[in-house]
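Geometric and topological summary
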Amino acid sequence: MESELKDLNSNPPSSKEERPLLKSDSDLAAAIEELDKKFAPYARTDLYGTMGLGPFPMTEKIKLAVALVTLVPLRFILSMSILLLYYLICRVFTLFSAPYRGAEEEEDEGGVVFQEDYAHMEGWKRTVIVRSGRFLSRVLLFVFGFYWIHESRRDRDLAMDSNHKTTSTENNQKGEAATEEPERPGAIVSNHVSYLDILYHMSASFPSFVAKRSVGKLPLVGLISKCLGCVYVQREAKSPDFKGVSGTVNERVREAHRNKSAPTIMLFPEGTTTNGDYLLTFKTGAFLAGTPVLPVILKYPYERFSVAWDTISGARHILFLLCQFVNHLEVIRLPVYYPSQEEKDDPKLYASNVRRLMATEGNLILSELGLSDKRIYHATLNGNLSQTRDFHQKEE
């Protein structure tokens, strides 16, 4: 089967007639089933099937039809109204304020580019932006069907048990410092299942996120992202002095750790989304600074449609999301994880230990797959489905 899939998706013949084809729908189903096993962290297991393309039972078709003419228009209007309202709040309360300009990012054709945001504002204006942002984010989740969000907190001793490699000297030092104010975490780290993760974290703590530079230029969303204090990054360097994503994130983590007025940064160390049952290998960006981190685990139980953004297109995902009357979200908040000296010296060890802790507490399956594997999975799925459509058209 693997050789068949390779033949289908690598070095395809130039002529459509010469292209090898899956013989029937049953062959396609078998091929997709094998792909799903190989790339399990990205496979959809809900009623809507691979890539959200079905097939749908008649009862589900009826439910979708009813929702399309009732829930979808109402939710779309409400969500856009909320987005516009918060944009206006951000516009009014930043109207006479100059954006904070952080360290230079890179050299571009137009000169030096700086990080700009309104998250470093102080005073009542910043309070209004944060509190209204948290409230409206929760309202938006309500509009999307998340009427109740179940949150649980793990015991603080959990983080201490996880640092089993800490020496007795370090333990004594921590004991002496117990009466002092605990260290502020440099970052919040979370598993990544959907774009809805961002809405939840906005409602819970209103942190900064890492985003592409183009996000800061988008209508409405651009200003909101600057009020969040998003770290804008560009994947590819144009200058040999470009410090990259890790360098920029590392600076923000250190700043959040030592400065109470600095915005907290939220990072998804997996680097991409999964179907919610797995935890991928962590990138070390959140752990390079050696500061404490706050782990948060998000789980989306479902009966019909999984809100995980894996193989399904963005437009189809939003449409099906709006069609679900009720959606569910469970949050597990772990205590702040304080790294041992060994973990501070070895960011990979630090990231691995936090990952294993989150997998254990969230009942998640560890996987060594990454973003490149997800792209291969998507490309193979798209190739198989497109060839099957060609096959049926040729038969007709």
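What you see is a predicted model; the values in this text were computed from it and never measured.

Conventions and cut-offs
One numbering rule holds for all chains: residues counted from 1, following each sequence as written. Restriction of local features to residues with pLDDT of at least 70 applies here, the model being predicted, together with a cutoff of 80 or more for giving and counting side-chain atom pairs; totals for whole chains, interfaces and linings are based on all residues. Calculated side-chain values reflect all of the structure's heavy atoms, with hydrogen atoms and water omitted. Numbering of helices and strands runs from the N terminus, with a helix taken as a DSSP run of H or I at least four residues long and a strand as a DSSP run of E at least two residues long. Computed by Shrake-Rupley with a 1.4 Å probe, the accessible areas treat only the displayed protein chains as cover when residues are assessed. UniProt positions are given in the numbering used here, feature names are shortened, and annotations may be inferred rather than shown by experiment. Helix axes are fitted only over the stretch in contact, all axes being lines through C-alpha atoms; the angle between N-to-C directions runs from 0 to 180 degrees. Any angle that falls under 35 degrees is termed roughly parallel, while one over 145 is termed roughly antiparallel, one within 65 to 115 roughly perpendicular, and all others oblique. It only takes one pair of heavy atoms within 4.5 Å for two residues to be counted as in contact. In the scheme used here, Gly and all other residues not listed as nonpolar or charged are polar, with Ala, Val, Leu, Ile, Met, Phe, Trp, Tyr, Cys and Pro taken as nonpolar and Asp, Glu, Lys and Arg as charged. Take the buried Ala, Val, Leu, Ile, Met, Phe, Trp, Tyr and Cys residues and link them wherever side-chain atoms come within 4.5 Å; each set so joined is a nonpolar core. Here's how the labels work: a residue is buried when its accessible area is under 20% of the maximum for its type, exposed when over 50%, partly exposed in between, all with a 1.4 Å probe on protein chains only. Any Lys or Arg side-chain nitrogen found within 4 Å of a carboxyl oxygen on Asp or Glu counts as a salt bridge. Strand pairing is assigned whenever DSSP identifies at least 2 bridges connecting the two strands. Here a polar contact means two N or O atoms within 3.5 Å. Within protein one must be a hydrogen donor candidate and the other an acceptor candidate, and residues neighboring in sequence count only if both atoms are side-chain atoms. Crossing chirality is assigned from the near helix's rotation relative to the far helix, an anticlockwise turn below a right angle marking it left-handed and a clockwise turn marking it right-handed.

1. Description of the overall build of the protein chain
In terms of helices and strands, the protein chain carries 14 helices and 11 strands. Just so you have it, the protein chain exposes about 20500 Å², and 56% of that area is on carbon and sulfur atoms.

2. Re the UniProt feature "transmembrane region" (unreviewed entry) in the protein chain
The positions UniProt marks with the feature "transmembrane region" (unreviewed entry) are residues 64-89 and 128-149. Along residues 64-89 the backbone is 96% helical and 0% strand, and the end-to-end C-alpha distance reaches 35 Å. Between the end C-alpha atoms of residues 128-149 the distance is 24 Å, and the span holds 73% helix and 5% strand.

3. Points about unusual backbone geometry
The phi angle at Met 51 is positive, at roughly 60 degrees, despite the residue not being glycine. Mapped onto the elements of the fold, Met 51 is located in the loop between α2 (25-38) and α3 (58-69). Backbone geometry places Asn 363, a non-glycine residue, at a positive phi of 55 degrees. Along the chain, Asn 363 turns up in the loop between α13 (347-362) and β11 (365-366).

4. Quick notes on the packing of helix α4 (residues 71-93) against helix α11 (residues 314-323)
Viewed as axis vectors pointing N to C, α4 and α11 meet at an angle of 105 degrees, and their least axial separation amounts to 8 Å. When the axis of α4 is compared with that of α11, the two are roughly perpendicular. Only Leu 319, Leu 321, Leu 322 and Cys 323 of α11 make contact with α4, whose side of the interface consists of Leu 71, Val 72 and Arg 75. Across the contact of α4 with α11, the residue classes break down as 6 nonpolar, no polar and 1 charged.

5. Some details on the nonpolar core
Counting residues in hydrophobic clusters, the biggest one holds 52 residues, and the most contacted among them are Tyr 86, Phe 144, Phe 146, Leu 196, Tyr 300 and Leu 329. Counting residues per element, the ones that place at least two in this core are α3, α4, α5 (124-143), α8 (196-204), α9 (221-228), β9 (293-299), α11 and β10 (329-333). Among the elements that take part in this core, α4 stands out by supplying 7 residues, more than any other. Leave out the neighbours within four places in its chain, and Phe 146 touches Arg 138, Leu 141, Leu 196, Tyr 300, Val 307, Leu 321, Asn 327, His 328 and Leu 329. Counting 25 residues, the second largest nonpolar core, distinct from the first, contains Val 189, Val 233, Phe 282 and Leu 334.

6. Notes on the environment of Leu 35
With respect to the element layout, Leu 35 can be found in helix α2. The exposure class assigned to Leu 35 is buried, which follows from its relative accessible area of 4%. Considering only alpha carbons, one finds Leu 35 and His 378, 343 residues apart in sequence, at a separation of 10.0 Å.

7. Examining the pattern of salt bridges
Opposite charge on two side chains lets them pair, provided their charged atoms get close. Here the structure, examined in full by the defined rule, presents 6 salt bridges. A salt bridge links Arg 154 to Glu 361, with the shortest nitrogen-to-oxygen separation between them at 2.8 Å. Of this pair, Arg 154 sits in the loop between β3 (149-153) and α6 (157-162) while Glu 361 sits in helix α13, placing them 207 residues apart in sequence. A single salt-bridge network, built from bridges that share partners, covers Arg 44, Asp 46 and Asp 310.

8. A look at the sheet that holds β10
As a general point, the strands of a sheet are linked pairwise by backbone hydrogen bonds and lie either parallel or antiparallel. If you walk across this open sheet you meet the 5 strands as β3-β10-β9-β4-β7, and the pairing is mixed. Two strands lie at the open edges of the sheet, namely β3 and β7 (265-267), each paired on one side alone. Neighbouring strand axes in the sheet, compared pairwise and without regard to direction, differ in orientation by 25 degrees on average.

9. Notes on α11
Within α11 the residues assigned to the buried category are His 317, Phe 320, Leu 321, Leu 322 and Cys 323. Contacts made by the buried residues of α11 are with α3, α4 and α8.

10. Focus: α9
Across the 8 residues that make up α9, a large majority, 6, are buried. Residues Gly 222, Leu 223, Ile 224, Ser 225, Cys 227 and Leu 228 constitute the buried set of α9. Packed against the buried residues of α9 are α4, α5, α8 and β6 (231-233). With its phi angle positive at about 85 degrees, Gly 229 sits one or two positions after the end of α9.

11. Brief notes about the side chain of Asn 275
Within the secondary structure, Asn 275 sits in the loop between β7 and β8 (278-279). Reaching out from Asn 275, the side chain makes a polar contact with the backbone oxygen of Ala 43 at a distance of 2.9 Å. Apart from residues no more than four positions distant in its own chain, Asn 275 is found in contact with Ala 40, Pro 41, Tyr 42, Ala 43, Val 193, Ala 308 and Asp 310.

12. What to know about the packing of α5 against α8
Relative orientation of the contacting elements α5 and α8 amounts to 140 degrees, with a least axis distance of 7 Å. With respect to their mutual orientation, α5 and α8 come out oblique. In the packing of α5 onto α8, the handedness of the crossing is left-handed. Residue-level contacts link Arg 134, Ser 137, Arg 138, Leu 140 and Leu 141 of α5 to Leu 199, Tyr 200, Met 202, Ser 203 and Ala 204 of α8.

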